[in-house]
Protein chains: 2
Amino acid sequence: MDLEASYGFAPTEFEDRVVRAQRLMELHHLDGLLLTSMDNIRYFIGVDSTFWESYTRPWFVLVPATGAPLAIIPEIGRAIIEKTWIKEIRSWSSPRPEDEGTSLVVAAISDLPRRHGRVGAELGFELRLGMPVTQLNAIIGDLKGVEIVDGASLIWQLRMIKSPAEVSKIKKAVGIAGAVYAQVPGFVKIGDTERTILREFRGRLNMGGASAIPTLICRSDVGGPFEITGGPRNRPIADGDLLFIDTGTTFDGYFCDYDRNYQVGRATDALRYAQEKVWDAHEIGLQAATAGVTAGFVFEQMAKALSSGGADLNSNGRMGHGLGLRLTEPPSIRLEDNTVLQPGMVLCIEPALEYEPGKIVLHEETVVITDGKAQLLTVRAPKQLAQIR
Amino acid sequence: MDLEASYGFAPTEFEDRVVRAQRLMELHHLDGLLLTSMDNIRYFIGVDSTFWESYTRPWFVLVPATGAPLAIIPEIGRAIIEKTWIKEIRSWSSPRPEDEGTSLVVAAISDLPRRHGRVGAELGFELRLGMPVTQLNAIIGDLKGVEIVDGASLIWQLRMIKSPAEVSKIKKAVGIAGAVYAQVPGFVKIGDTERTILREFRGRLNMGGASAIPTLICRSDVGGPFEITGGPRNRPIADGDLLFIDTGTTFDGYFCDYDRNYQVGRATDALRYAQEKVWDAHEIGLQAATAGVTAGFVFEQMAKALSSGGADLNSNGRMGHGLGLRLTEPPSIRLEDNTVLQPGMVLCIEPALEYEPGKIVLHEETVVITDGKAQLLTVRAPKQLAQIR
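Rules of the game
Residues numbered from 1 in each chain as written. Chains lettered and ligands numbered in written order. Predicted model: local features only at pLDDT ≥ 70, side-chain atom pairs only at ≥ 80, totals over all residues. Heavy atoms only, no water. Pairing = 2+ DSSP bridges. Helix = DSSP H or I, 4+ residues; strand = E, 2+ residues; numbered from the N terminus. Axes fitted to C-alpha atoms, helices over the stretch in contact; angles between N-to-C directions. Contact = heavy atoms within 4.5 Å. Salt bridge = Lys/Arg side-chain N within 4 Å of Asp/Glu carboxyl O. Buried < 20%, exposed > 50% of the residue type's maximum accessible area, 1.4 Å probe, protein only. Least-squares fit on C-alpha atoms with pLDDT ≥ 70 in both. Domains from an automatic or database assignment. Buried area = accessible area lost by both parts, 1.4 Å probe. Phe/Tyr/Trp six-rings, centres within 6.5 Å; stacked < 30°, edge-to-face > 60°.

Trainee: Provide a residue-level description of the sheet that holds strand β1 (residues 32-35) of chain A, including the pertinent values.
Mentor: All names here are of chain A. The mixed open sheet is built from six strands, whose spatial order is β4-β3-β2-β1-β5-β6. The open sheet is flanked by β4 (88-92) and β6 (147-150), the only strands paired with a single partner. Ignoring strand direction, the axes of neighbouring strands in this sheet form an average angle of 25°. Across three bridges, β1 lies against strand β5 (residues 118-121) in parallel orientation. Following the sheet pairing, Leu34 is matched in β5 by Ala121. Together, β1, β2 (60-64), β3 (70-74), β4, β5 and β6 form the strand contacts of helix α4 (residues 102-110), whose direction differs from that of β3 by roughly 170°.

Trainee: For the pattern of salt bridges, give the residues involved together with the corresponding values.
Mentor: Inspection of every chain in the model, using the stated rule, returns 56 salt bridges over all chains. For Arg266 of chain A, the salt bridge goes to Asp239 of chain A, with nearest N and O atoms at 2.2 Å. On the criterion of sequence distance, the pair formed by Arg266 of chain A in the loop between β10 (258-264) and α9 (269-288) and Asp239 of chain A in the loop between β7 (212-222) and β8 (241-251) is long-range, its members being 27 residues apart. Residue Arg266 of chain A is classed as exposed on the basis of its relative accessible area of 63%. By relative accessible area, Asp239 of chain A is classed as partly exposed at 36%. Between Arg326 of chain B and Asp39 of chain B there is a salt bridge whose closest N-O contact spans 3.9 Å. Residue Arg326 of chain B is located in the loop between β11 (320-322) and β12 (329-332), and its partner Asp39 of chain B is located in helix α2 (residues 38-45); the two are separated by 287 residues in the primary sequence. Exposure remark for Arg326 of chain B: the relative accessible area of 4% places this residue in the buried category. Note on Asp39 of chain B: relative accessible area 3%, which makes it buried. Taken together, the shared-partner salt bridges in this structure form one network comprising Glu194, Arg219, Asp221, Glu227, Arg233, Arg235 and Asp241 of chain A.

Trainee: Lay out unusual backbone geometry in plain terms, naming residues and giving numbers.
Mentor: In this structure, the amide linkage connecting Ser94 of chain A to the following residue, Pro95 of chain A, adopts the cis form with an omega of 5°. By the secondary structure assignment, Pro95 of chain A is in the loop between β4 and α4.

Trainee: Run through the relation of the copies chain A and chain B, naming residues and quoting values.
Mentor: Placing chain A over chain B gives an RMSD of 0.0 Å and needs a rotation angle of 180°, together with 0.0 Å of translation along the axis. These values place the two chain copies in the arrangement generated by a two-fold rotation axis. Of the C-alpha atoms belonging to chain A, the one lying closest to the rotation axis is found on Gly203 of chain A, 2.8 Å away. Same-surface contact between copies: 100% of interface residues of chain A are shared with the interface of chain B.

Trainee: So what's going on with the domain arrangement of chain A? Residues and values would help.
Mentor: All names here are of chain A. Domain assignment breaks chain A into domain 1 (4-160) and domain 2 (164-388). On a C-alpha basis, the centres of domain 1 and domain 2 stand 33 Å from each other. Between domain 1 and domain 2, the residue contacts involve 15 residues of the former and 22 residues of the latter. Between domain 1 and domain 2, the buried area comes to about 1600 Å², and carbon and sulfur atoms account for 56% of it. At the surface where domain 1 touches domain 2, the tally comes to four salt bridges. Note that Arg159 and Glu329 form a salt bridge whose closest N and O atoms lie 3.0 Å from each other.

Trainee: So what about the sheet that holds strand β16 (residues 365-368) of chain B? Which residues, and what values?
Mentor: Residue and element names in this part refer to chain B. The sheet built from five strands is open, its strands ordered β12-β11-β13-β16-β17 with antiparallel pairing. A strand with exactly one partner marks an edge of an open sheet, and here the two such strands are β12 and β17 (375-376). Alignment of β11 against β12, held across two bridges, turns out to be antiparallel. Each residue of the ladder has a partner; that of His321, found in β12, is Ser332. Strand contacts of helix α6 (residues 152-160): β12 and β13 (346-349), with the helix running at about 90° to β12, the strand carrying the most contacts.

Trainee: Can you lay out the packing of aromatic side chains for me, pointing to particular residues and giving the numbers?
Mentor: For the coordinates displayed, the defined rule picks out 18 aromatic pairs over all chains. For the pair Tyr7 of chain A and Phe251 of chain A, a centre-to-centre distance of 4.9 Å together with 35° between the ring planes defines the contact as tilted. Here the residue Tyr7 of chain A occupies a position in the segment before α1 (11-28), and Phe251 of chain A occupies one in strand β8, the gap between them amounting to 244 residues. In terms of burial, Tyr7 of chain A and Phe251 of chain A fall into one category: buried. Taking 6.1 Å as the distance between ring centres and 10° as the angle between the ring planes, the aromatic pair formed by Phe14 of chain B and Trp85 of chain B counts as stacked. In this pair, Phe14 of chain B is assigned in helix α1 (residues 11-28) and Trp85 of chain B in the loop between α3 (75-81) and β4 (88-92), connecting sequence segments 71 residues apart. Taken individually, Phe14 of chain B and Trp85 of chain B each receive the classification buried, so the pair is uniform in this respect. The structure contains a cluster of three or more aromatic residues connected by ring pairs, namely Phe9, Phe14, Trp85 and Tyr254 of chain A.

Listed below in structure tokens is the structure:
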């Protein structure tokens with residue numbers, strides 16, 4: 001895998017995204033889109049920075065309904081934006097708490113050609129605003145004749161459909177994690193702790209080409225993890241455990257979200273039964289995920305398979321989600337989600353079963369929706385659990 | 001350094017934080033504090049999770065003006081919260097976009113003993129809200145007789161002063177990074193690229209005990225980096241470069257923010273002069289940072305030293321900041337910041353000089369303010385640059 005040649009995008013990639021955004025702005029009656037969060041800014045201008053970890057200086061990108069995007073960036077970030085495809089950059093000497101870019105943003109929005117008097121921002125569903133709410137309110141208060149409205153639906157309509165270049169980056173992230181998963185039975189031994197396993201796993205992700213490793217969860221318990229969100233413990237893995245590892249590793253900004261389970265020593269019949277049941281349900285979900293069906297349909301097919309034979313279904317509220325510049329993106333694979341699957345959507349499909357109280361079996365595979373059958377990006381997990389001795 | 005014994009806090013640590021928060025709520029006329037961001041939730045309940053990378057399910061903690069905090073957590077996170085010191089947990093089956101915890105939050109706020117009719121939230125200065133703005137607006141709309149106001153000033157008054165246990169974690173993060181900085185002249189060679197150096201550096205941070213490595217910047221250019229916010233390039237370092245590495249590495253949630261510079265091959269006289277000038281200014285800043293003076297005073301002392309002799313001052317807008325559960329926290333070491341330094345504040349002090357256009361020399365050390373002289377947490381950088389051959 002030649003990683004070095006794979007960073008960044010051709011300028012046409014960004015131009016295409018802007019064109020698509022502008023078509024959607026027309027439909028949503030917007031004069032522009034104001035972006036402040038790392039993933040949305042990266043989506044439009046391609047900048048790679050970890051500087052967002054500091055909340056002192058907000059960054060802004062304004063995508064107008066016609067014409068090229070404009071970056072409003074604190075001076076400290078100007079030089080890196082000048083290396084992107086963005087031509088128009090305005091900046092201010094920051095920190096300047098009394099006006100942390102506010103007046104520049106108000107001026108830029110006010111200068112937009114006014115057709116609808118509405119600008120979309122990251123206010124809603126599955127989004128986080130990249131500036132303080134008080135600053136948003138100041139911007140809203142200073143604008144005359146322009147309303148700031150929720151741009152979430154537009155943003156996700158746009159970002160849900162991945163370009164081939166985006167899919168290729170997700171595939172690289174998936175490949176980096178997959179290579180380490182394959183090594184687990186070789187480097188993990190009974191008696192290792194969650195913490196030491198996590199550290200070794202992360203080291204291998206790093207050396208394998210990960211750009212960043214925002215999430216890595218390592219959980220072990222007798223028969224299955226009791227939960228799957230927390231940090232590692234010093235608990236040594238022991239005969240009878242199920243070891244669960246899950247990572248959101250990125251390549252050039254794009255995530256995988258990818259888990260694997262390993263049997264430590266011997267499994268009970270109940271675990272083996274649950275493992276196969278989840279694996280079979282997964283097959284059904286992977287087959288069901290085709291263009292034209294809803295996310296809810298995919299959930300329903302897996303839920304039926306999991307609940308057959310009286311198994312107690314526990315799905316953590318959903319059985320999958322979109323994937324891209326964030327670890328989880330819309331749609332949600334849940335009964336009530338009526339999003340129609342379309343070619344270019346990348347989905348993590350993850351059936352789960354709490355087969356006994358506090359014992360979870362959760363499988364996760366990633367697919368891209370095509371015109372035909374969904375294409376698997378992960379290497380399909382084996383039906384029989386890999387074993388650690 | 002025994003890392004294993006150092007994770008987590010005694011329950012009294014959290015109780016003390018709540019008591020301090022409640023004293024401040026009294027002063028700020030608040031009936032409670034609603035928290036949604038990873039760092040604020042971790043501050044009060046101590047949970048370690050990377051689950052916040054997903055924006056699907058918001059988490060909430062409500063700290064009342066009297067009594068114990070309450071967690072309102074999606075079901076998927078309940079089991080991990082049950083392992084914390086928090087006794088009262090309410091949860092909902094998430095995702096549930098039509099009510100993603102909103103009604104539970106409204107009910108919990110409405111049940112608070114009402115003295116002031118005001119609850120603080122993460123609306124302002126150097127904060128980011130951990131739920132969509134539309135959800136905040138729904139909460140505000142559903143509350144009767146309780147106003148949601150900006151809690152930023154309270155939050156930072158509280159978090160700016162670190163307990164000895166917090167300082168000890170920051171010191172561990174600093175120590176993990178410092179150990180790798182000391183190894184750089186041993187493992188970096190002329191011809192290595194920014195990307196390969198970053199990867200090797202990150203691997204060593206990981207094996208050295210880092211809990212996470214949210215930021216790691218590696219920049220090289222002739223005579224100094226042209227900027228310090230972007231991702232790594234495939235540029236090989238060469239004779240005459242200044243190699244700049246900067247990391248926000250965490251231990252158990254607490255950050256270091258720590259840079260070092262290395263001369264690659266030979267330095268010009270101009271660079272050597274700038275290096276010593278910044279180092280000398282740093283000495284002055286480290287001496288100036290004592291309890292009772294303002295952040296602005298520390299800035300002023302360094303700025304005077306840097307601008308003496310006609311050097312062109314460029315400070316990226318400030319010369320340092322607070323440090324803790326976030327990479328950068330208030331106060332800012334800038335002329336206009338009148339925050340009075342107090343014992344327990346942990347500050348990154350970072351004088352910088354753009355000694356020629358596009359050539360930056362930036363030094364960073366971390367101190368904790370005490371009753372006497374500030375205590376250095378980093379190992380003071382040498383006045384002469386370490387060399388890479």
